[in-house]
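Chain by chain, the residues:
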Amino acid sequence: MNNISQLISLLGGTGLVAKNLNIKPSTVSNWRKLNKIPKKKIHNILSLCSGLKINTEDFLPSKDLNNENGKILLIICGGIASYKSLEVIRLIKKTNIDLDVVMTKSAQKFITPLLVTSLNEKKCYIDLFSVEDEIKMNHIMLARKPDIILVAPATANIMAKLANGIADDLASTILLASFSQIILAPSMNPVMWNNLATQENYQKLIGRGVEFIEPDVGDMACGENGAGRFPEPKMIFENVISNIIDRKNTANQFKDVSIIITAGPTIENIDPVRFVSNKSSGKQGFAIASEFSRRGAQVTLITGPVNIPVPKCTNIIHVISAQEMFEKTMSQLPADILICSAAVADWKMIPERSSKEKINHENKIKKNNQKLVFKTINNPDILSTIAKSNLRPGIVVGFSAETNDVIRNAKSKLISKEIDLIVANDVSDDKVFGKDFNKVFLLDENNCEEWSKQSKKSIAFNLANKIYKIFTTNNI
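Attention in this report is confined to the structure presented alongside it. (Residues numbered from 1 in each chain as written. Predicted model: local features only at pLDDT ≥ 70, side-chain atom pairs only at ≥ 80, totals over all residues. Heavy atoms only, no water.)

**Observations concerning the sheet that holds strand β19 (residues 437-443)**
Taken in spatial order, the 8 strands of this open sheet run β13-β12-β9-β14-β17-β18-β19-β20, and their pairing is mixed. Strands at the two margins of the open sheet, each flanked by one partner only, are β13 (315-318) and β20 (448-455). Strand after strand, the sheet turns through a mean of 15° between neighbouring axes, direction not considered. Taken together, the 4 bridges between strand β9 (residues 258-263) and strand β14 (residues 337-340) define a ladder with parallel strand orientation. Bridge pairing in β14 places Thr 262 opposite Cys 340. Across the sheet, helix α18 (residues 406-417) is in contact with β17 (395-402), β18 (421-426), β19 and β20; its angle to β18 comes to roughly 155°. (Pairing = 2+ DSSP bridges. Helix = DSSP H or I, 4+ residues; strand = E, 2+ residues; numbered from the N terminus. Axes fitted to C-alpha atoms, helices over the stretch in contact; angles between N-to-C directions. Contact = heavy atoms within 4.5 Å.)

**Here we look at the pattern of salt bridges**
Taken as a whole and judged by the stated rule, the model has 19 salt bridges. Between Asp 98 and Lys 122 there is a salt bridge, with its nearest N and O atoms 2.8 Å apart. Within this pair, whereas Asp 98 is found in strand β2 (residues 98-103), its partner Lys 122 is found in the loop between α7 (113-120) and β3 (124-125), the two being separated by 24 residues in sequence. Owing to a relative accessible area of 25%, Asp 98 belongs among the partly exposed residues under this scheme. In this structure, Asp 100 and Lys 145 form a salt bridge, with 3.1 Å as the shortest nitrogen-oxygen distance. Taken together, the residues Asp 100 in strand β2 and Lys 145 in the loop between α9 (138-144) and β4 (148-154) connect sequence positions 45 residues apart. Owing to a relative accessible area of 30%, Lys 145 belongs among the partly exposed residues under this scheme. Linked by salt bridges that have partners in common, Asp 98, Asp 100, Lys 122 and Lys 145 make up one network. (Salt bridge = Lys/Arg side-chain N within 4 Å of Asp/Glu carboxyl O. Buried < 20%, exposed > 50% of the residue type's maximum accessible area, 1.4 Å probe, protein only.)

**Some words on the side chain of Thr 155**
Of note, Thr 155 is situated in the loop between β4 and α10 (156-164). Here the side chain of Thr 155 touches Ile 158 through a polar contact of 3.2 Å, landing on its backbone nitrogen. Residue contacts for Thr 155: discarding those within four places in its chain leaves Cys 77, Gly 78, Ser 187 and Met 188. (Polar contact = N/O pair within 3.5 Å; in protein donor to acceptor, adjacent residues only side chain to side chain.)

**Some remarks on the environment of Ser 428**
Inspection of the secondary structure assignment puts Ser 428 in the loop between β18 and β19. Judged by relative accessible area, which is 16%, Ser 428 ranks as buried. In contact with Ser 428, not counting residues within four places along its chain, are Glu 402 and Thr 403. Looking at Ser 428, its side chain comes within polar contact range of the side chain of Asp 426, at 2.6 Å.

**Quick notes on the nonpolar core**
Grouped together as the largest cluster of nonpolar side chains are 47 residues, with contacts concentrated most on Trp 31, Ile 45, Ile 76, Val 101, Val 116 and Leu 150. It is helix α14 (residues 233-250) that contributes the most residues to this core, 6 residues altogether. Ignoring anything within four residues of it in the chain, the contact list for Ile 45 reads Leu 7, Leu 11, Val 17, Leu 21, Trp 31 and Ile 37. If you look at the next biggest cluster of nonpolar residues, it comprises 30 residues, including Met 159, Leu 162, Ala 171 and Val 210. (Core = buried A, V, L, I, M, F, W, Y, C linked by side-chain atoms within 4.5 Å.)

Honestly, that's just the spatial picture; any functional story needs more than this.
Given below as structure tokens:
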């Protein structure tokens, strides 16, 4: 019999598991008594186990992990760890998942396509320029068919190709032509993994929504020790299964729900060549828009000027100034949910000469001996105005960027603006704007949750879960 009580203990005990899963301790206690975890919570447990590198094989029955449907494309790249991908194939073959496999030329130096074909009981794809395959446009079919593309092992070379848009073989072409979730399990020499070029590619890919199963730390085949070791096949398998369950459980949660999301900075022009703005990159707002779109929502994204790819949404509106963002947001009401993640400029800056000489704002302001002073005019408070209006959506969420007293200032905004949730973060020391990771606090009227440092995509996922819970509880 599987010892669920022992697994809960390994995860830190009843209280910690309950806190991490945002459920009551009594619920976890019942799991221990019944020696069973509900199927809808299996993926949460898998995520906790993966983070702590706990092997669930001795605790969760195989049917809990293996009765999932889905489509996976496994890309095997060249490296000494290539042979371990055979174990990943073996584990996936125990499930109802449809698996296709692609091998690079380098991978074929370590294992053969015939071996993979025998194990998977399907053709192993190896060549972009196969006449037989390309009559059927197989590289496009392979790119569009899977729910997940798993690259294991992922070499520094394939990371560099994907990060820089190189498509010179079947594997890299598929990766660039796909809309599927991409998961990389890196394996390489520790110095290579920590090389600045590899780490820059790693950060770039995370920013584009690629997920990573982090390499282990340990002894390498080359004799060196450090980060870069191929993750255990069982951990890779559980991560992929958890991902598939997450996608299945959250698909169409917000079907036909209208959501307005503001993102990015706004710009307040001083003259035709000068302006006042802030460092917001729009990454968090875009991640939120992408996550809600994936869950079936009708998302309208209203964004200031940014330099990142736009997510797939129902409607995308580009604006420059705070006034434009206010007007465009108001024009999209009514809506079911409003999420204001944009860093809106609080003031317009109006330049004046100390001599009271009139300034033509349509021309570049010239320097002279007279001092230039600025008068400020408050921009509209989009969040507060809508939250207190007759067109108020059922759920209103704000963001609070603070440099001190983060929780106290965020709580004050939550109350004064009369909103339901506020996501607060510490932006001092330039540690948030433009970055791919963040550490936030989520506050409502009665509670404050501290979320550990995680990718902005992960924050978007967890925020969507929180809003879904409110949405269904309140029957909005």
